[in-house]
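For reference, the chains in residue letters:
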Amino acid sequence: MNRINNGAWWLVAPAVVLFAVVGIAPLMATLNYSFQDSFAGDNYFWVGTYWYEELFKSSAFWGAFGRTLLFAAITISLQFIIGIFVARKLYFRQVKAQMVVALIALPLLTPWIVVGFIWRHLVNPEAGLIGASLSLFNISPDLNSVWWVWATIIAMDLWHWTSLVVILCYAGYLSIPGPYFQAARIDGASKWATFRYIELPKLKNVLVIALLLRLADSLMIYTEPLMISRGGPHVSSTFMSQKLIQTAMLEFNLGAAGAISMFYLVVMILIAWILFRYIRSQNV
Amino acid sequence: MSDDVIDSQRGFSKTVAVYTLISLFPILWLVVLSFQPHGVSASTANLIPSPFTLGNYAYIFSQENYVWGYINAIGYVIINIIITLSVSIPGAYAFSRFKFIGSENALFFALLFRLMPPAIILIPLVQLFSSFGLIDTYFAVAISHSLFTVPISIWILEGFISSIPKEMEETALVDGYSLFGCFVKIILPQVKTGIGVAAFFSFMFSWVELIIANGLTTVNAKPIGVVMRLVAEPLGFVQIGISSAASILMLIPGLILVWFLRNHLAKGFSMGRVG
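A. Representation of a nonpolar patch on the surface within the structure. A cluster of nonpolar side chains, namely A:Met99, A:Leu103, B:Ile252, B:Leu255, B:Ile256, B:Trp259 and B:Phe260, defines an oily patch on the protein surface of about 660 Å² accessible area. Of all the secondary structure elements, the ones that give two or more residues to the nonpolar patch are α4 (97-104) of chain A together with α14 (240-260) of chain B. Here the element with the most residues in the nonpolar patch is α14(B); it accounts for five residues. Tracing the backbone shows A:Met99 in helix α4.

B. Region of the structure containing the environment of A:Val267. Within the secondary structure layout, A:Val267 lies in helix α13 (residues 254-282). Between the alpha carbons of A:Val267 and A:Pro225 there is a distance of 21 Å; along the sequence they are 42 residues apart.

C. Highlighting helix α3 (residues 59-93) of chain A. Here α3(A) spans 50 Å end to end across 35 residues, near enough to the 51 Å set by a 1.5 Å rise per residue. For α3(A), the capping residue at the N-terminal end is A:Ser58, with a side-chain oxygen 3.3 Å from the backbone nitrogen of A:Ala60.

D. Highlighting the interface of chain A and chain B. With 103 residues of chain A at the contact, the number on the chain B side is 113 residues. Of the roughly 9,700 Å² buried between chain A and chain B on both sides combined, carbon and sulfur atoms contribute 77%. Here chain A is connected to chain B by one salt bridge. The shortest N-O distance in the salt bridge between B:Arg114 and A:Asp217 comes to 3.1 Å. The interface formed by chain A and chain B includes ten residue pairs in polar contact (both at pLDDT 80 or more). Examining the composition of the side of chain A that touches chain B, we find that 16 residues originate from one element, helix α1 (residues 9-33) of chain A, more than from any other. Classifying every residue of the side of chain A that touches chain B by side-chain character gives 76 nonpolar, 18 polar and nine charged.

E. Broad picture of the packing of helix α8 (residues 146-174) of chain A against helix α10 (residues 191-219) of chain A. All names here are of chain A. The interhelical angle for the contact between α8 and α10, taken along N-to-C directions, is 140 degrees, at an axis separation of 9 Å. One way to sum up the angle between α8 and α10 is to call them oblique. Like other packed secondary-structure pairs, α8 and α10 cross with a definite hand, here right-handed. Contact residues: α8 offers Asp 157, Trp 161, Leu 164, Val 165, Leu 168, Cys 169, Gly 172 and Tyr 173, while α10 offers Phe 195, Glu 199, Leu 203, Val 206, Leu 207, Ala 210, Leu 213, Arg 214 and Asp 217.

F. Region of interest: the confidence of the model for chain A. For chain A, the mean per-residue pLDDT works out to 87, and 96% of the residues sit at or above 70. The element-level mean pLDDT for chain A is lowest in strand β1 (residues 36-38) of chain A, coming to 81, with α3(A) highest at 93.

G. Region of interest: helix α13 (residues 224-232) of chain B. Extensive coverage of α13(B) is indicated by the burial of eight of its nine residues. What α13(B) keeps buried is the set B:Ile224, B:Gly225, B:Val226, B:Val227, B:Met228, B:Arg229, B:Val231 and B:Ala232. Of the surrounding elements, those touching the buried residues of α13(B) are α6 (112-122) and α11 (223-229) of chain A together with α5 (64-97), α12 (211-215) and α14 of chain B.

H. Quick peek at the nonpolar core. Among the nonpolar cores identified, the biggest contains 197 residues, and A:Leu90, A:Tyr170, B:Met116, B:Phe200, B:Leu265 and B:Phe269 are the most heavily contacted of them. With 18 residues, the top contributor of residues to this core is α8(A). Among residues more than four places away in sequence, those in contact with B:Met116 are A:Leu27, A:Met220, A:Leu265, B:Ile121, B:Leu147 and B:Phe148.

I. Highlighting the side chain of A:Asp217. Tracing the backbone through its elements, the reader meets A:Asp217 in helix α10. Discounting residues that sit within four places of it in the chain, A:Asp217 has contacts with A:Trp161 and B:Arg114.

J. Structural view of the packing of aromatic side chains. Applying the stated rule across the entire model yields 33 aromatic pairs over all chains. The rings of A:Phe56, A:Phe61, A:Trp62, A:Phe65 and A:Phe263 are connected pair by pair, giving a single aromatic cluster. The ring centre of B:Trp259 lies 3.9 Å from the NZ or CZ of B:Arg262, which sits over that ring.

K. Examining the confidence of the model for chain B more closely. Residues and elements named next belong to chain B. Residue-level pLDDT values for chain B average 84, and 93% of them are 70 or greater. Averaged over each element, pLDDT in chain B is lowest for helix α1 (residues 4-7) (53) and highest for helix α2 (residues 14-34) (93). Across the assembled chains, the prediction reports ipTM 0.87 with pTM 0.88.

L. Here's a closer look at unusual backbone geometry. The step from B:Ser50 to B:Pro51 runs through a cis peptide bond, and the omega angle for that step is 5 degrees. With respect to the helices, strands and loops of the structure, B:Pro51 is situated in the loop between α3 (38-41) and α4 (55-62). Here the phi dihedral of A:Arg230 falls at roughly 55 degrees; this positive angle occurs in a residue that is not glycine. Mapped onto the elements of the fold, A:Arg230 is located in the loop between α11 and α12 (240-250).

Cut-offs applied
- Residues numbered from 1 in each chain as written.
- Chains lettered and ligands numbered in written order.
- Predicted model: local features only at pLDDT ≥ 70, side-chain atom pairs only at ≥ 80, totals over all residues.
- Heavy atoms only, no water.
- Patch = residues over 30% accessible without salt bridge, like charges linked within 9 Å, V, L, I, M, F, W, Y side chains within 5 Å.
- Areas by Shrake-Rupley, 256 points an atom, 1.4 Å probe, with all protein chains shown as cover.
- Salt bridge = Lys/Arg side-chain N within 4 Å of Asp/Glu carboxyl O.
- Helix = DSSP H or I, 4+ residues; strand = E, 2+ residues; numbered from the N terminus.
- Expected span 1.5 Å × (residues − 1).
- Polar contact = N/O pair within 3.5 Å; in protein donor to acceptor, adjacent residues only side chain to side chain.
- Contact = heavy atoms within 4.5 Å.
- Buried area = accessible area lost by both parts, 1.4 Å probe.
- Nonpolar A, V, L, I, M, F, W, Y, C, P; charged D, E, K, R; others polar.
- Axes fitted to C-alpha atoms, helices over the stretch in contact; angles between N-to-C directions.
- Parallel < 35°, antiparallel > 145°, perpendicular 65-115°, else oblique.
- Left-handed = near helix turned anticlockwise from the far one by under 90°.
- pLDDT = per-residue confidence, 0-100.
- Buried < 20%, exposed > 50% of the residue type's maximum accessible area, 1.4 Å probe, protein only.
- Core = buried A, V, L, I, M, F, W, Y, C linked by side-chain atoms within 4.5 Å.
- Phe/Tyr/Trp six-rings, centres within 6.5 Å; stacked < 30°, edge-to-face > 60°.
- Lys NZ or Arg CZ within 6 Å of the ring centre and 35° of its normal.

Now the structure itself:
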């Protein structure tokens, strides 16, 4: 049944139409905006690469981009280290793992506004669980300080998303056939060797998918940090999505917003393409 | 999968216990906060609500915009799931069973949409739906969200469908079923789990997403997340009691879904490719 059958395109047609109308058309419009300017929001005229030039000269933009990358790098590395560690314990040591999976999935289902809200209150030095506990040791979280804002946002993101990595990796472990572990044990392999030469390679696909999802969600983070610090103090927690929305909705600068959007899109496409190629090469 | 030697070592892992506790404690604390008056919650950290009050919940159920907020969110999430499944199931079936021109790259493009930041297309989406008079409707939010939920659904369903041997359809066809018939009678029952997982992921995105849900709605379709923002914004006054109660109510649909799918979550997360 796997012969070439172009009639199958009819089955994919609804998806194609959906993507074309709701996805590609708006993207084209955004691309269009990025090349235009207007005096009063009504008459648009062509300005070529003006917005892109302005963008690449803008320190506010590079600041937001750099902060987003830094944030993603820190949180994703921590999530994977913790995630794989917990997944291994789940797989090797935990009875009734299915129940645990259901429980730790809860942070993943928490509306983003709730995530931001609860973490903001958690670090309150008088009234928050974490804040009050820290206050007992004379440490007082202060959301007016860049350090605390970043620490809170990172902790919040770890709480929010690490379970995704845990569950994905756990599922990946489930698909490693038992004989692999038995063979390793018979050969007297150390735990680290088993991890490095059996578990990691078999988890490659799952890890890449997890990385792809985490990268995408990390780079587009908006609501949660907004609830913590609104991008402050000053701009120290303003990430790309917030910069973009500010430019588009508050400054009404559709041209600049268009340029930021296109840059954002190219970055995501690049990342996706690299990781996709990697998956392809592994599954030949 | 796991063998007997490993199974006999199973018990309770301290790491897992700690991790589970960490995952749950903010939510448990939210429950505490929701039963405490705002005045107390804003000044002291209590582990047990004191005084205990149902006032926060009473307030929410008495406010039209809160109640409608929940109804609206459930409304567009359900419509999103319907749209997503209708579009993804045939698509996944095609990717799984057939080879056709561009099928390799098509999957990549589909996945790309899941990775796109919603902020990028917010403005054009607003304009698009404006011009059709569809602003502030469940449909607009549902179909915009499906841009993000369809790719993952196709990915998940393709995995589940692929794990059903092709021989099943071939025998069914020989027995005289039409292609559509064998799809409904043979394939569908076996991918029930996959459909549940795909619906779960769609819910997971659509229920929690805020940027598009906020941008495309004004009055009639405003979801609870946006309503809650009014009392939870850090610049304005944060009403902790009400926000906590609203938060707990927002967590309940997720809790219900997780409960129903608790035995299938792990398999679902492996996108149907376990075993």
